[in-house]
Amino acid sequence: MPVYLDHAATTPMLPGARAAYVDALGVVGNPSSIHSQGQQAKRMLEESREVVAASVGAEPIEVIFTSGGTESINLGVKGLYWARQSPARPVVLVPGGEHHATVDAVEWLVRHEGAEVVWLPVDALGRLHPAVLEAALERHGASVALVSVLWANNEVGTIQDVRALVATASRFGVPVHVDAVAAYGYLPLEFDAVGAAAMSISAHKIGGPVGIGALVLSRRSSVEPLIHGGNQQRVRSGTQDVAGAVAFAAAAAEVVREFGAGGGAGSAGVGAAGAGRGGAGSAGASGAVGWAAGAGGGGAGAASGAGTAGAVGGAAGAGGGVGWAAGAGGGAAAGSAGAGGESFVGGLAALRDRLIEGVREAVPEAVLRGDPEASGRLPGNAHFTFPGCEGDSLLFLLDLAGFSVSTGSACQAGVPEISHVLTAMGVSDDEARGALRFTLGHGTTPAEVDALVAALPAAYAAARKAGFSTREVTPAAR
Ligand SMILES: Cc1ncc(COP(=O)(O)O)c(C=O)c1O
C-alpha cells in the first residue's frame, strides 16, 4: 500500500463519515417534500447544517451547501461581484497565488462582465500584508466590488492574517470572500467573529465525501445566485444532497471536537443524523495521526464517541502519533485528545516538523517554501523546491518507490505548469520547476515520514540526473 502524503489534494474519508454516508443513502425522501419521509430527510439535512455551522463558528442559516469548494468560490466571488453592481463597482482585489478556482472565476468576470482585477503583491512567504490591501483600497476607493483571499495557501501552506485583512476591508465597506478550503479542519475558523462576507469550505478536505462543500454566507451579506431553480437554499437552487450533508457533518463533528464550536451556533451535540454506527478506526492501532474512528449518530453516537475517544487517542499516543479523537456524533465526548494527550493538529504539526527536519538533513540543497515558522504554516504542509531537477521527475520516482506526493501546482493536458504561487512569491522559474509538496493528515505515521525521508536522496539523485525536460513549460497564470 503506497504511503499517502497528498492530503491537501483530498484526504481519505473518515470511517465515521463513510458509515454515516452509506446509512444516509438508504433514506428515501426529498427534503423539500411535505410528507413525513421528506420531513425526516429535512431533519437530517438541517441537523447536518447545524454541525457544519458549528465547525466554522457560523449560524446554520449562513451555511449554503454546494457541490464543493470550486462552486462555493464561484458563488462567493461572482455572486458578491454581481450583488455590488448598483452602482457599478468593477474592481476586484485579489492577491497573487490564489487557487485557480478564484483566479479563473475573476478572469471570467474580466472577460465577460467588464470587471477589472487588481492583483495584489504578496511577500516571499506568500503573505498579503494588510498595509498593501489598505493602499489598494485607498487607490481604488468606491469602485471596489470585493476582495477575495485565501485563509491558507494550499501549495506552500502559508496562513494569512485574515482577521486583519477583513478588518481593513471593512473600514472601506468592502466585502471579503475567504477561500478557507485548505485551512478548514486544520485551523480554527471563526467565521462570525472574523466578519467576512463569505467563506468557502469543502468536505473532502476534512474526511467527508467529494461532491459537497459550503459557502458560508453572512446573514448580513447577499450574493447573486449562479444557479436558478427551486430556491431550496437562500441563494442556491437544486435538490439538496442529504446523504452528502450527513457525511460532511460526521467529518465536521471532528473539527468541532478539535477546535470547539467556534462561537457559532453551539450545536456540536448534534450528531450525523441517522448514522448510529460506532467502532474504532484503523488509525489508533498503528500510532497514526488519527482523526478516525466511530461514526455516531445523535445521542447514541455521543455515547459511543465518548467511549472510543480515549482508546484511540491512547493508542495513537503510544505509537508516537496523535489522535484526533474518535467517534463523530455527539459533542458529549468532551476532550479531544483521549489518553494520547495531544490534539490532532498538534500531533500533525509535530510530524510535519519531523518531515521538514528529515528532508533538510537528507537533501541539504532543498529549500523550504512558505513560512518557516510553525505558527505561520498549515500543520500538515511541507513544501520544498529541489534545485536542478523537475518536481515532476521527483514525483514519478517517489511514486515508483511507493509514495504519493504532489508538485502542488496544476498540470494541464500532461504539461507541467510552473506554480503561479511560487511565481507570485518571487521564486524564479528554474527554482519553481523543482517544487514538491508533502501534505500529511489523519492516518499519517512517524514511520511513513521516516520512510519518505529515507527514500528521498536516491530519488533526488535520479531526478537531478534526468535534469530539466526540454519541453515547453506553461508560463504561470496569476
Ligand atoms: C485552497 C483551495 N481552494 C479551492 C479548492 C477547490 O475545492 P474542491 O476540490 O472542493 O472543488 C481547493 C482544492 O484543492 C483548494 O485547495
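Worth saying up front: this structure is predicted, and the values here are computed from it rather than measured.

Reading guide: rules and limits
- For every chain, the first residue of the written sequence is number 1, and numbering continues from 1 along that sequence.
- Local features in a predicted model are, by the rule used here, given only for residues with pLDDT of at least 70; side-chain atom pairs are given and counted only at 80 or more, and totals for whole chains, interfaces and linings are based on all residues.
- Values reported for side chains reflect all heavy atoms of the structure, with hydrogen atoms and water molecules removed beforehand.
- Numbering of helices and strands starts at the N terminus; helices are DSSP runs of H or I of at least 4 residues and strands are runs of E of at least 2.
- Under the scheme applied here, a residue whose accessible area is under 20% of the maximum for its type counts as buried, over 50% as exposed, and between as partly exposed, the area being computed with a 1.4 Å probe on protein chains only.
- Pairs of residues are marked as contacts when any of their non-hydrogen atoms sit within 4.5 Å.
- Using a 1.4 Å probe, the Shrake-Rupley method yields the accessible areas, and only the shown protein chains count as cover for residues.
- Between any two strands, at least two bridges found by DSSP are needed for them to pair.
- Every angle, taken between N-to-C directions, lies between 0 and 180 degrees, and every axis is a line fitted to C-alpha atoms, over only the stretch in contact when it is a helix.
- For every residue, the pLDDT score states the predictor's confidence, bounded by 0 at the bottom and 100 at the top.
- With its strands directed away from the observer, a crossover is right-handed exactly when the path from the first strand over the helix to the second travels clockwise.
- Pairs were defined over the aromatic rings of Phe, Tyr and Trp, the Trp ring being its six-membered one, requiring ring centres within 6.5 Å. Orientation was assigned from the angle between planes: stacked under 30 degrees, edge-to-face over 60, tilted for the rest.

## What about the overall build of the protein chain?
Check the secondary structure of the protein chain and you find 14 helices and 14 strands. Within the protein chain, buried positions represent 57% of all 478 residues. Partitioning the intrachain contacts of the protein chain with sequence separation of at least 6 by distance along the chain shows that 76% fall at a separation of at least 24. When the accessible surface of the protein chain is split by element, carbon and sulfur atoms take 55% of a total near 17,000 Å².

## Observations concerning the sheet that holds strand β14 (residues 435-439)
The strand order across the open sheet built from three strands is β9-β10-β14, with neighbouring strands paired in antiparallel fashion. Looking at the sheet topology across the chains shown, the edges are occupied by β9 (367-368) and β14. Relative to β14, strand β10 (residues 381-385) is paired through five bridges, and the arrangement is antiparallel. Pairing of Asn381 across the sheet is with Thr439, part of β14. In the packing of helix α10 (residues 344-362) onto the sheet, contacts are made with β9, β10 and β14, and the angle to β10 comes to roughly 20°.

## What about the confidence of the model for the protein chain?
Here the protein chain averages 85 in pLDDT, and 80% of its residues register 70 or above. Segment residues 290-340 is flagged for pLDDT under 50; beyond a separation of four residues in sequence, or across chains, it makes 158 contacts in the model.

## Considerations on the pairing of strand β5 (residues 144-150)
Counting buried positions along β5 yields seven of seven residues, so the element is predominantly enclosed. Relative to β5, strand β3 (residues 91-95) runs parallel, the two sharing three bridges. The residue of β5 that forms the bridge with Val92 is Leu146. Relative to strand β6 (residues 176-179), β5 runs parallel, the two being bridged by four bridges. Its bridge partner being in β6, Ser148 is matched across the sheet by His177. Handedness of the crossover is the feature at issue here: the chain leaves β5, passes through helix α6 (residues 162-171), returns alongside β6, and the resulting connection is right-handed.

## A few points about the sheet that holds strand β4 (residues 116-120)
An order of β2-β8-β7-β6-β5-β3-β4 is seen for the seven strands of this open sheet, with the pairing classed as mixed. Only two strands of the sheet have a single neighbouring strand rather than two, namely β2 (63-66) and β4. Averaged over all neighbouring strand pairs, the angle between strand axes comes to 20°, with direction disregarded. Seen against the sheet, helix α4 (residues 100-113) touches β3, β4, β5 and β6 and runs at an angle of roughly 145° to β4.

## What about the packing of aromatic side chains?
With the rule as written, the count across this model stands at seven aromatic pairs. Judged by centre distance (6.3 Å) and plane angle (75°), the rings of Tyr184 and Phe248 are edge-to-face. Of this pair, Tyr184 sits in the loop between β6 and α7 (191-194) while Phe248 sits in helix α8 (residues 242-259), and the two are 64 residues apart along the sequence. Looking at Tyr184, the relative accessible area reads 0%, which means it is buried.

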